[in-house]
Amino acid sequence: MISTGAALPAGADAVVRVEDTAAGERAVEIRVEVEPQSNLRRAGEDIAAGETVLRAGAQLGPAELGVIASVGRGEVVCSRRPRVSLLSTGDELQEPGEPLRPGAIRNSNAHSLAALVERSGAEVVAAEIVRDDREATVEALGRALAGDVIVVSGGVSVGEHDHIRPALAELGAEQVFWGVSLRPGKPTWFGIHARNLVFGLPGNPVSSMVTFVLFARPAIRAMLGAGDARRRTTAILDAEYPKRPGRAHLVRCRLELRDDGWHARPTKEQGSHVLTSMLGADALAIVPAARGDVGAGERVEIELLYA
Ligand code: AMP
Ligand code: MG
């Protein structure tokens, strides 16, 4: 008698399940025909000698961790999670939990962006609010530049209170681009400081989330060595979407799997300040800049928000 998982005794070439036997006092009755090799698991059926089970860039999820343990590796070399500094700009901002001053608004970006950072595989190492003041902005950016990735929200437009770009220039950051043909997301700024990446995201709560997903997340995933930095596929748009040609639109959609594949339906009103349009959204439908109205039933490209 051997237990499940035990090594096969020398000379045996099959195992009979105990349910198929009857134990007597001096002998065991076998009640079934026994084929050679039955009820055996051969060494190498799961992984053959010399086989590569995981490659560099693999994300270590539940299955990967199990496979690493199954081949006996107590340690593996991983890329360090990128360190992200978050900076929320604006005199009007107040953290949740404090009584709201007249005219103030809640700093929601710091919280939605922190969660997006964590989900993208990076870690938030610093987060602060900076006033719309040139000197304070230079000082706060100076501290933030210690991270691998700096994510700033607000202060990148052309208003007189928008100090981010001049402050970054003063600190020696090099602008790669400013302004993208997207709605929401137009004033998005991206630059490099030493070896660090700086994302200047627009302050509107939806804009900061979608531009993080489209620009900062792929960069973080690439830093982690992931081969597939983007999370793109297509879906059938279930409602018509009115649009004038001009900028590409990012439409917050809920996804549903039907017999003919994935369907996307816009969540609700799509203003860049309507943060609740992100509630229940699974993906951004990307309607190209040159497109006019999109009819219900058309196939659109989507970027998955949280995959
Ligand atoms: P800005 O990009 O700084 O011009 O900001 C655009 C809009 O987004 C303004 O209405 C800001 O009050 C708002 N906003 C900026 N930062 C945040 C934030 N951290 N949380 C919520 N709303 C913000
Ligand atoms: Mg502002």
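Note that the coordinates shown come from a computational prediction; the quantities given were computed from them, not determined experimentally.

Colleague: Quick question: what am I supposed to make of the pattern of salt bridges here?
Modeller: Charged atoms that come close allow side chains of opposite charge to pair. Scanning the model with the defined rule gives twelve salt bridges in all. Its salt-bridge partner being Arg 80, residue Asp 148 comes within 3.0 Å of it at the nearest N-O pair. With a gap of 68 residues between them, Asp 148 in the loop between helix H3 (134-144) and strand E7 (149-153) and Arg 80 in the loop between helix H1 (62-70) and strand E3 (83-89) connect regions that are remote in the sequence. One salt bridge connects Glu 256 with Arg 258, and the closest N-O pair in it is separated by 3.0 Å. We classify Glu 256 as partly exposed; its relative accessible area is 44%. A relative accessible area of 33% places Arg 258 in the partly exposed class. Linked by salt bridges that have partners in common, Arg 217, Arg 232, Glu 301 and Glu 303 make up one network.

Colleague: Explain the packing of helix H2 (residues 109-119) against helix H5 (residues 205-223) to me, please; I cannot follow it from the model alone.
Modeller: The description of two helices packed together rests on the angle between their axes and the distance between the axes. At a closest axis distance of 10 Å, the pairing of H2 and H5 adopts a crossing angle of 15°. The angle between H2 and H5 places the two elements in the roughly parallel class. In this structure, H2 meets H5 at a crossing whose hand is right-handed. Between H2 and H5, the residues in contact are Asn 109, Ser 112, Leu 113, Leu 116 and Val 117 and Pro 205, Ser 208, Met 209, Phe 212 and Val 213, respectively.

Colleague: Would you mind going over the sheet that holds strand E11 (residues 196-201) with me for this structure?
Modeller: Consider a sheet: its strands pair through backbone hydrogen bonds, and that pairing is either parallel or antiparallel. Pairing is mixed across the open sheet formed by six strands, whose spatial order is E6-E3-E7-E11-E10-E8. The open sheet has two free edges, formed respectively by strand E6 (123-130) and strand E8 (174-178), since each of these has just one partner strand. Each adjacent strand pair in this sheet contributes to an overall mean axis angle of 15°, direction not counted. Pairing of strand E10 (residues 189-193) with E11 involves five bridges; the strand directions are antiparallel. Following the sheet pairing, His 193 is matched in E11 by Asn 196. Where H2 meets the sheet, it contacts E3, E6, E7 and E11, and its direction lies at approximately 165° from that of E3.

Conventions used here
- Residues numbered from 1 in each chain as written.
- Chains lettered and ligands numbered in written order.
- Predicted model: local features only at pLDDT ≥ 70, side-chain atom pairs only at ≥ 80, totals over all residues.
- Heavy atoms only, no water.
- Salt bridge = Lys/Arg side-chain N within 4 Å of Asp/Glu carboxyl O.
- Helix = DSSP H or I, 4+ residues; strand = E, 2+ residues; numbered from the N terminus.
- Buried < 20%, exposed > 50% of the residue type's maximum accessible area, 1.4 Å probe, protein only.
- Axes fitted to C-alpha atoms, helices over the stretch in contact; angles between N-to-C directions.
- Parallel < 35°, antiparallel > 145°, perpendicular 65-115°, else oblique.
- Left-handed = near helix turned anticlockwise from the far one by under 90°.
- Contact = heavy atoms within 4.5 Å.
- Pairing = 2+ DSSP bridges.

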